[in-house]
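# Notes for the structure review
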Amino acid sequence: MNLIRPYGDTTGDGMVQLSFTLPIEHSKVAEGAAVQLANKMGMDPALVVHAKPMGEGFTFFVVYGRVNHLVDPSTVEVVERDYPLLTPKEANAAIKRSMRRRLVVVGGCIGTDAHTVGIDAILNIKGFAGEKGLEYYRELKVVNLGAQVSVPQLVEAAREEKADAVLVSQVVTQRDAHLLNTREMSAAFREAYPPAKRPLLVVGGPRFDETMAGELGVDRVFTRGTTPGEVASFIVHRLTSTPTTKEAS
């Protein structure tokens, strides 16, 4: 068993840094409240190392302190990549060989989410992290619907384009909007398509938990730092490694 503890100044000292905002004017009382909160979270001792007013009635804090919790890495559950990473050339060849037509991807931001930076990083040809986006792939037809797409609009676009895969980006997370929107989207596709005809459903965003794909009713969840190559490789692997029920039309 390899138990580990946070590292701050010396190995195993348990020191961590935490930041948060409290709805209170900046004062000594406010700093005391921040320490009290940190204590209740298991930091003892806790020291406010930064405090700054954030508009009327709010204060931002950075607290530094010790925790006694231990972590056992062997019990951590994560979603490991279970598909090979393909170059654009390899992905194009796999699509051409298996599908004998272009693979159609429809993407967008659903609900009131107007943050297209994530979906654009994956779909647009300029890409992200030194990798070209899906538009660069010769055997992919990419339809980027942009921001604030309603679920019915997404379903309709997927039907019209005969989509093989649907990509949804969600950045807005207030009141778990990203989870509610994703569940609504997956339910709509289950209702609109028979199981064998439903397109691959992929969602991504910085606040998603990769282990929640089954709970959300989608095929894959991607989180922060995901590159276009990872998304393209997953889609191509899933749609070319198993017999496809869709015929070219």
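Residues numbered from 1 in each chain as written. Predicted model: local features only at pLDDT ≥ 70, side-chain atom pairs only at ≥ 80, totals over all residues. Heavy atoms only, no water.

### Observations concerning the pattern of salt bridges
We count it as follows: Counted as salt bridges are all cases of a side-chain nitrogen of Lys or Arg within 4 Å of a carboxyl oxygen of Asp or Glu. Numbering goes from the N terminus for both helices and strands, where a helix is a DSSP run of H or I of at least four residues and a strand is a run of E of at least two. Note on exposure labels: buried denotes an accessible area under 20% of the residue type's maximum, exposed denotes more than 50%, and partly exposed covers the range between, all computed with a 1.4 Å probe on protein chains only.
With the rule as written, the count across this model stands at 7 salt bridges. A salt bridge links Arg220 to Asp82, with the nearest nitrogen and oxygen atoms 3.4 Å apart. Of the two residues, Arg220 is situated in strand E8 (residues 220-222) and Asp82 in the loop between strand E3 (59-66) and helix H2 (88-98); the sequence distance between them amounts to 138 residues. Residue Arg220 is classed as buried on the basis of its relative accessible area, which comes to 8%. Here Asp82 falls in the exposed class, since its relative accessible area comes to 56%. For Asp164, the salt bridge goes to Arg101, with nearest N and O atoms at 2.8 Å.

### Describing unusual backbone geometry
A cis geometry characterises the amide bond from Asp44 onward to Pro45, with omega recorded as 0°. Here Pro45 shows up in the loop between helix H1 (28-40) and strand E2 (46-53). Even without being a glycine, Arg100 presents a positive backbone phi close to 60°. With respect to the helices and strands, Arg100 occurs in the loop between H2 and strand E4 (103-108). Residue Arg100 is classed as exposed on the basis of its relative accessible area, which comes to 72%. Despite not being glycine, Gln148 shows a phi value in the positive range, around 50°. Relative to the elements of secondary structure, Gln148 occurs in the loop between strand E5 (140-144) and helix H4 (151-161).

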